[in-house]
Amino acid sequence: MKVVAFKRELQGTGASRRLRISGQTPGIVYGGADAPLNIALDHNALYHALKKEVFHSSILDLEIDGKSQQVLLRDFQMHAFKQLVLHADFQRVDANTKLHKKVALHFINADVSPAVKLHGATISHVIADLDVSCVASELPEFITVDLANIDVGHSIHVSDLALPKGVTAVTHGKNQTVATASVPAGHVSAEATAAAAAPAADAKPAAKGKK
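All values reported here derive from a predicted model rather than from experimental measurement.

Student: Where do I start with the sheet that holds strand S3 (residues 37–42) in this structure?
Tutor: Hydrogen bonds along the backbone pair up the strands of a sheet, which may run parallel or antiparallel. Taking strand neighbours around the barrel as the criterion, the six strands line up as S1-S3-S2-S6-S5-S4 in a closed arrangement whose pairing is mixed. This sheet shows a mean twist of 45° between the axes of neighbouring strands, independent of strand direction. The pairing of strand S2 (residues 24–30) with strand S6 (residues 85–92) spans four bridges and is classified as parallel. Looking across to S6, one finds that Ile28 is bridged to Asp89. The strands touched by helix H1 (residues 13–21) are S2, S3 and S6; relative to S2, the strand with the most contacts, the crossing angle is about 125°.

Here it is, written out as structure tokens:
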């Protein structure tokens, strides 16, 4: 994904305010062998890019004055109540740069799981992203969580995830819960309804006694 930026010579609160008024967002690029560089980006382009998941978890091609370099979005600041990006930080990377980054989780196959199909359960997503460690060339855009086999009362943990090659979860010794399946209070599954109806259907009318 390509991002276009320009060198920013003026610094300070006043300069940043004037930059934002002109429709641009101040930022910085750091890391690697080069010195940190102050940059400016088109605000609207950056604002819409931030809405895309891929922008947060992919290596970006940052073009500054016609020269391109690979970077990773590290941080950004939004205005408290306006739709305004105040600042953005980018880190220079290469294929061998070791990264620690949050990656989004994509949940699939909930509708075919025993929990949903047989019991009408609700599957709760406990976390939406996962801290991972890997080199830049192996950074995934997202991690898939397959819910096809989850049943009522069961959970999926980080240790159950099929992580891409070269990617490890940063869990700090905790096997964090990713998703759980439970039946809402007062809900009766299709199986339970059928089981309750069967004895009533099989019951024979009691014989009438002679008068």
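Next comes the rest of the description.
Student: How should the pairing of S3 be read in this particular structure?
Tutor: It is a general feature of regular strands that their side chains alternate between the two faces of the sheet. Here strand S1 (residues 2–7) runs beside S3; their pairing, made up of three bridges, is antiparallel. Residue pairing in the sheet places Phe6 in a bridge with Ala40 of S3. Judged from the six bridges that link them, S2 and S3 form a sheet pairing that is antiparallel. Paired with Thr25 across the strands is Leu41, a residue of S3.

Student: Would you mind showing me how to read the pattern of salt bridges here?
Tutor: What the rule picks out here adds up to three salt bridges. Lys102 is the partner of Asp129 in a salt bridge, and the nearest nitrogen-oxygen pair spans 3.8 Å. Taken as a pair, Asp129 in strand S9 (residues 129–135) and Lys102 in strand S7 (residues 98–108) lie far apart in primary sequence, 27 residues in all. What makes Asp129 partly exposed here is its relative accessible area of 33%. One network of salt bridges, with partners in common, ties together Lys102, Asp129 and Asp131.

Student: What am I meant to see in the sheet that holds S7 here?
Tutor: Pairing is mixed in the open sheet, where four strands are placed in the order S10-S7-S9-S12. Looking at which strands have only one partner, the edges of the open sheet turn out to be strand S10 (142–146) and strand S12 (168–169). Relative to S10, S7 is paired through five bridges, and the arrangement is parallel. By the bridge assignment for S10, Ala104 is matched with Phe142.

Student: Explain unusual backbone geometry here, please?
Tutor: When glycine is set aside, most residues are seen to have a negative phi, and most peptide bonds are trans. Phi is positive for Asp65, which is not a glycine, with a value near 50°. Tracing the sequence through the fold places Asp65 in the loop between strand S4 (60–64) and strand S5 (67–78). According to the relative accessible area criterion, Asp65 is partly exposed, its value standing at 48%. Residues other than glycine seldom take positive phi values, yet His172 does so here, at roughly 55°. Within the secondary structure layout, His172 lies in the loop between S12 and strand S13 (177–182).

Student: Can you help me understand the pairing of S9 in this one?
Tutor: As paired strands, S7 and S9 are joined by seven bridges and run antiparallel to one another. Counted as the bridge partner of Ala104 is Asp129 from S9. The sheet contact formed by S9 and S12 spans two bridges and is antiparallel. Within S12, the residue paired with Ser133 across the bridge is Thr168.

Student: Teacher, can you tell me more about H1 here?
Tutor: What H1 keeps buried is the set Ala15, Ser16 and Leu19. Angular distribution of buried residues about the axis of H1 spans 100°; they occupy a single face of the element. Exposed side chains of H1 directed beyond 90 degrees from the buried face belong to Thr13, Arg18 and Ile21. Summarising the contacts, the buried residues of H1 are in contact with S2 and S3. At the C-terminal side of H1, Gly23 shows a positive phi close to 90°.

Student: Explanation requested: the side chain of Gln91 in the structure shown.
Tutor: Take Gln91: it is sitting in strand S6. Polar contacts involving the side chain of Gln91 include one to the side chain of Arg74, which spans 2.7 Å.

So, how was this worked out
Residues numbered from 1 in each chain as written. Predicted model: local features only at pLDDT ≥ 70, side-chain atom pairs only at ≥ 80, totals over all residues. Heavy atoms only, no water. Pairing = 2+ DSSP bridges. Helix = DSSP H or I, 4+ residues; strand = E, 2+ residues; numbered from the N terminus. Axes fitted to C-alpha atoms, helices over the stretch in contact; angles between N-to-C directions. Contact = heavy atoms within 4.5 Å. Salt bridge = Lys/Arg side-chain N within 4 Å of Asp/Glu carboxyl O. Buried < 20%, exposed > 50% of the residue type's maximum accessible area, 1.4 Å probe, protein only. Arc of directions from axis to C-beta. Polar contact = N/O pair within 3.5 Å; in protein donor to acceptor, adjacent residues only side chain to side chain.

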